[in-house]
Amino acid sequence: ICVGLTSIKLKDFINKKWNWVKPKLLSEPGTWNKNWMLFPEKINGKYALLHSITPTIFIEYLDDLEFKDKKYIKSYYNPFGPETERWDKKVRAAGPPPIKTKHGWLLLYLAEDQYDPGKYKLGAMILDLKDPTKILLRCKQPILEPCECYELNGFKSGIVYALGAVVKDNNLIIYYGAADSYVCVAS
């Protein structure tokens, strides 16, 4: 699964003129990559590209997003974390881009509960604002798990995964997929 980057001028996007910049591959073809994302703002003056959360947080810091002379970013994906006592022993992927809070970057992620295999649940962690490779807090239990009929029945039963998230009026609103069949919202 290759990861690429493209962009479009805001004016073109608003006017529905689809003049996208030619995509540039960031990951080497033939490598396994899961849910890369840019942080919504620069960190320490650089673009921060999160490219793996398993088994640790991997971030590539970039001066620009041109990739003129840049070689592929090497990522590492191992779904099994080092901690055996956690519910999220098998981490699948990061969810939507992190949200900046006064406590740190809120990162939602998808994992399998080792005591409830086959079901994908949503976890949350707080990353350090200045060094987001450091996990400051991590929920001991999932914040969302499949339990409704539309989450348990569908193309991939028993799956919930975050697609997007925003904070509005001090409420976290999470847009998520259910059973690979529905798009839902939770707050």
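Given the structure is predicted, the values throughout are model-derived calculations rather than measurements. (Residues numbered from 1 in each chain as written. Predicted model: local features only at pLDDT ≥ 70, side-chain atom pairs only at ≥ 80, totals over all residues. Heavy atoms only, no water.)

Points about the overall build of the protein chain
Secondary structure assignment for the protein chain yields 2 helices and 13 strands. Over its C-alpha atoms the protein chain spans a radius of gyration of 17 Å, differing by no more than 12% from the 16 Å that the globule rule assigns to 187 residues. Principal-axis analysis of the C-alpha atoms places the extent of the protein chain at approximately 45 × 40 × 40 Å. Scored against the burial criterion, the 187 residues of the protein chain give a buried share of 39%. Across the protein chain, contacts joining residues at least 24 apart in sequence account for 42% of those joining residues at least 6 apart. Surface exposure of the protein chain reaches about 11300 Å², of which carbon and sulfur atoms provide 55%. For the protein chain, the separation between the mean place of its 27 positive charges and that of its 21 negative charges on side chains is 6 Å. (Helix = DSSP H or I, 4+ residues; strand = E, 2+ residues; numbered from the N terminus. Rg over C-alpha atoms; globule rule 2.2 N^0.38 Å. Buried < 20%, exposed > 50% of the residue type's maximum accessible area, 1.4 Å probe, protein only. Contact = heavy atoms within 4.5 Å. Areas by Shrake-Rupley, 256 points an atom, 1.4 Å probe, with all protein chains shown as cover. Lys, Arg positive; Asp, Glu negative; His and termini not counted. Charge placed at Lys NZ, Arg CZ, Asp CG, Glu CD.)

Section: the confidence of the model for the protein chain
Of all residues in the protein chain, 96% have pLDDT values of 70 or greater, and the mean over the chain is 90. Within the protein chain, the lowest mean pLDDT, 83, falls on strand β6 (residues 90-94), and the highest, 97, falls on strand β7 (residues 99-101). (pLDDT = per-residue confidence, 0-100.)

Re the packing of aromatic side chains
The final tally for this structure, using the stated rule, is 3 aromatic pairs. Residues Phe13 and Trp18 carry aromatic rings whose centres are separated by 5.9 Å and whose planes lie at 75° to one another, so their mutual orientation is edge-to-face. Taken together, a centroid distance of 6.4 Å and an interplanar angle of 20° make the contact between Trp87 and Tyr109 stacked. One end of the pair, Trp87, is in the loop between β5 (58-62) and β6; the other, Tyr109, is in strand β8 (residues 104-113), and 22 residues separate them in sequence. Neither Trp87 nor Tyr109 differs from the other in exposure class; each is buried. (Phe/Tyr/Trp six-rings, centres within 6.5 Å; stacked < 30°, edge-to-face > 60°.)

Some words on unusual backbone geometry
Notably, Asn44 is not glycine yet its phi reads approximately 55°, a positive angle. Mapped onto the elements of the fold, Asn44 is located in the loop between β3 (37-38) and β4 (47-52). Asn44 gets classed as exposed once you look at its relative accessible area, which sits at 59%.

Examining the sheet that holds β3
Read across the open sheet, the 3 strands follow the order β3-β4-β5; overall the sheet is antiparallel. One side of each edge strand has no neighbouring strand; the edge strands of this open sheet are β3 and β5. Relative to β4, β3 is paired through 2 bridges, and the arrangement is antiparallel. Of the residues in β4, the one forming a bridge with Leu38 is Leu49. (Pairing = 2+ DSSP bridges.)

Thoughts on the state of the cysteines
A covalent bond between the sulfur atoms of two cysteines is what we call a disulfide. Evaluation of the coordinates by the stated rule reveals 0 disulfides. Looking at Cys147, it has no disulfide partner, and the nearest cysteine sulfur is the one in Cys149, 10.0 Å off. On the basis of relative accessibility, which here comes to 53%, the residue Cys147 falls in the exposed class. (Disulfide = S-S within 2.5 Å.)

Looking at the sheet that holds strand β12 (residues 171-178)
The antiparallel open sheet is built from 3 strands, whose spatial order is β11-β12-β13. This sheet does not close on itself; its edge strands, each paired only once, are β11 (160-168) and β13 (182-186). Going from strand to strand, the sheet's axes swing by 20° on average, the running direction of each strand aside. When β11 meets β12, the two strands line up antiparallel, connected through 8 bridges. If you follow Gly164 over to β12, its bridge partner there is Tyr175. (Axes fitted to C-alpha atoms, helices over the stretch in contact; angles between N-to-C directions.)

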